[in-house]
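Breakdown of the fold
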Amino acid sequence: MRRGWKMALSGGLRCCRQVLSWVPVLVIVLVVLWSYYAYVFELCLVIYLIFYHAIFVFFAWTYWKSIFTLPQQPNQKFHLSYTDKERYENEERPEVQKQMLFDMAKKLPVYTRTGSGAVRFCDRCHLIKPDRCHHCSVCAMCVLKMDHHCPWVNNCIGFSNYKFFLQFLAYSVLYCLYIATTVFSYFIKYWRGELPSVRSKFHVLFLLFVACMFFVSLVILFGYHCWLVSRNKTTLEAFCTPVFTSGPEKNGFNLGFIKNIQQVFGDNKKFWLIPIGSSPGDGHSFPMRSMNESQNPLLANEELWEDNEDDNQDYPEGSSSLALETET
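Quick caveat: nothing in here was measured; it's all calculated off a predicted structure.

**Details of the state of the cysteines**
A full pass over the atoms with the stated rule returns 0 disulfides. Take Cys16: it sits in no disulfide, and the sulfur closest to it among the cysteines is that of Cys15, at 5.9 Å. Cys16 gets classed as partly exposed once you look at its relative accessible area, which sits at 44%. The cysteine Cys142 is free of any disulfide, with Cys122 supplying the nearest cysteine sulfur at 3.5 Å. Its relative accessible area of 1% is what places Cys142 among the buried residues.

Now the structure itself:
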């Protein structure tokens, strides 16, 4: 009887958590709908409405795609078979379990490891994690090229929807900036007391305030993700350096600026601004810096050049070469 109550309580709590997880999304939707009403129907800035609706459509489209594009999970070949799972769970010696995972990983395109050098294994999903894959505790599953779980879209951002999330941030910044700049002249009129309508005063004031507030926070977040894309990193990789078979390497997936952008948006530039899936690959394996270095030896010295440039900036002009020789 108690067990039944516990199961019912657990199910009820899970249901409540799922419902509450949509609250941030609902807040964003209500704010956007209010901004649309205030801008289009209250202020009725006719000459601006064409561009406004173009931005609004792309903003809403990318937000929809960020929310409802399901995170992609590892395919079946990364899951342990029934017999391997039984063998692994029945084995009590950790070193033998570790060796079993090593043997299984030899058949898979897996090149990243844990901090201790072991094969990355998810004991909840019972699978060997592909490179850049992580387990999301909110979604309760492993997500390919996981970046983070975003409460504002109530979804896990990863390989399948990272492009849409970046586009959503970009169009959000543009949406807020456009509203703020076009409403500012009406705010001046409000400040001078030249707006006769009380309702218009309210909408002008709060449109400008909300647009500026969201713009500041969004432009910081968007700038951070642009930096991540330029280095071909995820948020998780920026905080925790990935470990490869050769050891930790913070730039292990850095292929160069242009190729890094293409890893998210694809090779065809006409799809870069449209929320259509164009990211290359299947999310299970990714080109690595070490492979590109073997094809282009100059790339191997790129990080060394960057370090030398940073070192040169630390010395007064005219003394950098002497200081470097002294260090050597």
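**Side note on unusual backbone geometry**
With phi around 45 degrees, Lys145 is a residue other than glycine that occupies positive phi space. When you line up the elements, Lys145 lands in the loop between strand 5 (141-143) and strand 6 (148-150). The phi angle at Asn154 is positive, at roughly 50 degrees, despite the residue not being glycine. For Asn154, the location among the structural elements is in the loop between strand 6 and strand 7 (155-157).

**A closer look at the UniProt feature "transmembrane region" (unreviewed entry) in the chain**
When the UniProt feature table is mapped onto this chain numbering, "transmembrane region" (unreviewed entry) sits at residues 20-39, 45-64, 168-190 and 202-224. The span residues 45-64 shows a helical share of 80% and a strand share of 0%, and its end C-alpha atoms are spaced 26 Å apart.

**Overview of the nonpolar core**
By size, the foremost hydrophobic cluster in this structure holds 42 residues, and its most contacted members are Tyr39, Tyr52, Tyr162, Ile179 and Val183. Where this core is concerned, the elements lending two or more residues are helix 2 (23-43), helix 3 (49-68), helix 6 (162-192), helix 7 (198-231) and helix 9 (257-265). Take this core: its biggest share by element is 14 residues, from helix 6. With sequence-adjacent residues up to four places away left out, Ile179 is seen in contact with Ser35, Tyr39, Tyr52, Leu207 and Ala211. Core analysis: the next-biggest nonpolar cluster, separate from the first, contains 12 residues, Leu80, Met100, Ala105 and Leu108 among them.

**Re the side chain of His284**
Residue position: His284 is located in the loop between helix 9 and helix 10 (289-295). A relative accessible area of 5% places His284 in the buried class. A polar contact of 2.9 Å, which involves the side chain of His284, links it to the backbone nitrogen of Asn75. Ignoring any residue separated from it by four or fewer positions in sequence, one finds His284 in contact with Gln72, Gln73, Pro74, Asn75, Phe78, Pro109, Pro130, Asp131 and Leu144.

The rules behind the values
Residues numbered from 1 in each chain as written. Predicted model: local features only at pLDDT ≥ 70, side-chain atom pairs only at ≥ 80, totals over all residues. Heavy atoms only, no water. Disulfide = S-S within 2.5 Å. Buried < 20%, exposed > 50% of the residue type's maximum accessible area, 1.4 Å probe, protein only. Helix = DSSP H or I, 4+ residues; strand = E, 2+ residues; numbered from the N terminus. UniProt positions renumbered as here; feature names shortened; annotations may be inferred. Core = buried A, V, L, I, M, F, W, Y, C linked by side-chain atoms within 4.5 Å. Contact = heavy atoms within 4.5 Å. Polar contact = N/O pair within 3.5 Å; in protein donor to acceptor, adjacent residues only side chain to side chain.

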